[in-house]
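Observations on chain architecture
Okay, here's what each chain looks like letter by letter:
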Amino acid sequence: MNTPSLTRRDFLKNLGAAALLGPVAAACKTEHPAKTHFITLSFDDGFRKSSIKTAEIFEKYNLSACINVIATAHHPDFVLPDEYHDVPVGDFGLWNELQERGHEIMPHGYMHANLKEAPIERAKDLILRCLDYFSRELKGFEPQKAIFNFPYNASSPEIEAWLVEHVKAFRTGYAPINPAPHAGQTRLTCTSHGPGNIDRHLTNEIDNFLALPSGWLIYNTHGLDDEGWGPLSATVLDQLLARLTAIDTVEVIPTGRALAAL
Ligand SMILES: [Zn+2]
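The rules we used
- Going along each chain's sequence as written, the residues are numbered from 1 onward.
- This being a predicted model, a pLDDT of at least 70 is required before a residue's local features are given, and a value of 80 or more before pairs of side-chain atoms are given or counted; all residues contribute to the totals for chains, interfaces and linings.
- Every helix listed is a DSSP run of H or I at least four residues long, and every strand listed is a run of E at least two residues long, numbered separately from the N terminus.
- A residue is called partly exposed when the number of other C-beta atoms within 10 Å of its own lies between 12 and 20, exposed at 12 or fewer, and buried at 20 or more, with C-beta atoms placed from the backbone.
- In this description, a residue-residue contact is defined by the distance between C-beta atoms placed from the backbone, which must lie within 7 Å.
- Strand pairing is assigned whenever DSSP detects at least two bridges linking the two strands.
- For helices, the axis comes from a line fit to the C-alpha atoms of the stretch in contact; other axes are also lines fit to C-alpha atoms, and the angle between any two N-to-C directions lies between 0 and 180 degrees.
- Every residue carries a pLDDT, the predictor's confidence in it, which falls somewhere between 0 and 100.
- Place the viewer so that the strands point away; then a crossover is right-handed whenever the path from the first strand over the helix to the second strand goes clockwise.
- To estimate how far a helix should extend, the number of its residues minus one is multiplied by 1.5 Å.
- This arc is built from the directions going out from the helix axis to the C-beta atoms.
- Take the buried Ala, Val, Leu, Ile, Met, Phe, Trp, Tyr and Cys residues, join any whose C-beta atoms are within 7 Å, and the set you get is a nonpolar core.

Attention now moves to the overall build of the protein chain. The helix and strand tally for the protein chain stands at nine helices and nine strands. When each of the 262 residues of the protein chain is scored for burial, the buried share is 37%. Pairs at least 24 residues apart make up 69% of the contacts formed inside the protein chain by residues separated by at least 6 positions.

Printed below as a string of structure tokens:
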């Protein structure tokens, strides 16, 4: 990842330095301009049909989708946390397949409990169970490289302080813009919208973000079309990725991958 926090002045200075180094270095700079705007669409809840469609749309643009799933949602006795989860979900057969195709699969809780409201020992136990489950079922999963995505984006300072000893970073609510990815970044915040369709809200958030000099927009998406809380239209996702991949300074990237290279 190239110097994500590069200012325009630094960028121009580097361009000047590249020109001094000769045509090859200068051409290199032109072909690989520094990324200034990082965007993560962070898809929660693991609905089967939506996850497959999301992966297909990202693949159309050679991108990796960021899909966060509940450890036990595919169990027959799973208790739905609310009516928005009354949608068929994928299992770890599907998650391993999507991961092999290049997508990022990360934990979104053991049973989608609100870990801010749970007693602290109960919250810790549920997170450890979730990480154990992923370690057993998802090929190559290592908690120390994982991003834990809090159910409901609900966390407390106490559980956050404990969690950073167990995972690489976590995602919670509710501010959409983060500093560009950098070493030691453990607390990621996102925005979200619902329960209705998010097409307009997401597009506005992206427009506002692109008007800033730099940063990392993390937007918590869920299902596509008619699935789950705050769904996004598949056609709008397709159009957004077409638009964003055409901008040289924008990188659409999953959270784990954004931090992995640092
Ligand atoms: Zn969720």
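There's plenty left to go through after this.
Take the sheet that holds strand S4 (residues 147–149) next. The parallel open sheet is built from three strands, whose spatial order is S4-S5-S7. Each edge of the open sheet carries a strand with a single partner, namely S4 and strand S7 (187–190). Across the sheet, the axes of successive neighbouring strands diverge by a mean angle of 30°, strand direction being ignored.

This part takes up the confidence of the model for the protein chain. When pLDDT is averaged across the protein chain, the result is 90; 87% of the residues are at 70 or more. Note on residues 1–31: pLDDT under 50 across the span, and 23 contacts to partners over four residues away in sequence or across chains.

Time to look at the pairing of strand S5 (residues 169–173). Most of S5 sits inside the fold, with four of its five residues counted as buried. Two elements, S4 and S5, share three bridges in a ladder whose sense is parallel. Paired with phenylalanine 148 across the bridge in S5 is phenylalanine 170. Running through helix H6 (residues 157–163), the crossover from S4 to the neighbouring parallel element S5 is right-handed.

Attention shifts here to helix H3 (residues 48–60). Taking 1.5 Å of rise per residue, the 13 residues of H3 would be expected to cover 18 Å, and the 19 Å separating its terminal C-alpha atoms lies within 8% of that figure. Along H3, the residues classified as buried are Ser50, Ser51, Thr54, Ala55 and Phe58. The buried residues of H3 occupy one face: seen down the axis, they fall within an arc of 130°. Where the residues of H3 are buried, they touch strand S1 (37–44), strand S2 (66–69), helix H4 (92–100) and helix H8 (234–245). Where H3 terminates, the next one or two residues include asparagine 62, which has phi positive at roughly 55°.

So, about the environment of aspartate 44. With respect to the secondary-structure elements, aspartate 44 resides in strand S1. Once the C-alpha coordinates of aspartate 44 and tyrosine 152 are considered, the two residues, 108 residues apart in sequence, prove to be 9.7 Å apart. Ignoring any residue separated from it by four or fewer positions in sequence, one finds aspartate 44 in contact with Asn68, His108, Asn149, Asn220 and His222.

Counting 54 residues, the largest nonpolar core has Ile67, Ile147, Phe148, Val167 and Phe170 as the members making the most contacts within it. The greatest single-element share of this core, amounting to five residues, is contributed by helix H5 (residues 120–137). Residues in contact with valine 167, not counting those within four places in the same chain, are Pro143, Gln144, Ala146, Ile147 and Phe148.

A separate point is the environment of threonine 72. You can see threonine 72 is positioned in the loop between S2 and H4. A tally of 17 C-beta atoms within 10 Å means that threonine 72 is categorised as partly exposed. Other than its neighbours up to four places away in sequence, threonine 72 contacts Phe78, Tyr110 and Met111.

Attention shifts here to the pairing of strand S3 (residues 104–107). The alternating pattern of S3 places Glu104 and Met106 and Ile105 and Pro107 on opposite faces, both of which are buried. Pairing analysis gives four bridges linking S2 to S3, with the strands arranged parallel. Note on S3: the bridge partner recorded for isoleucine 67 is isoleucine 105. For the crossover from S2 across H4 to S3, the handedness is right-handed.

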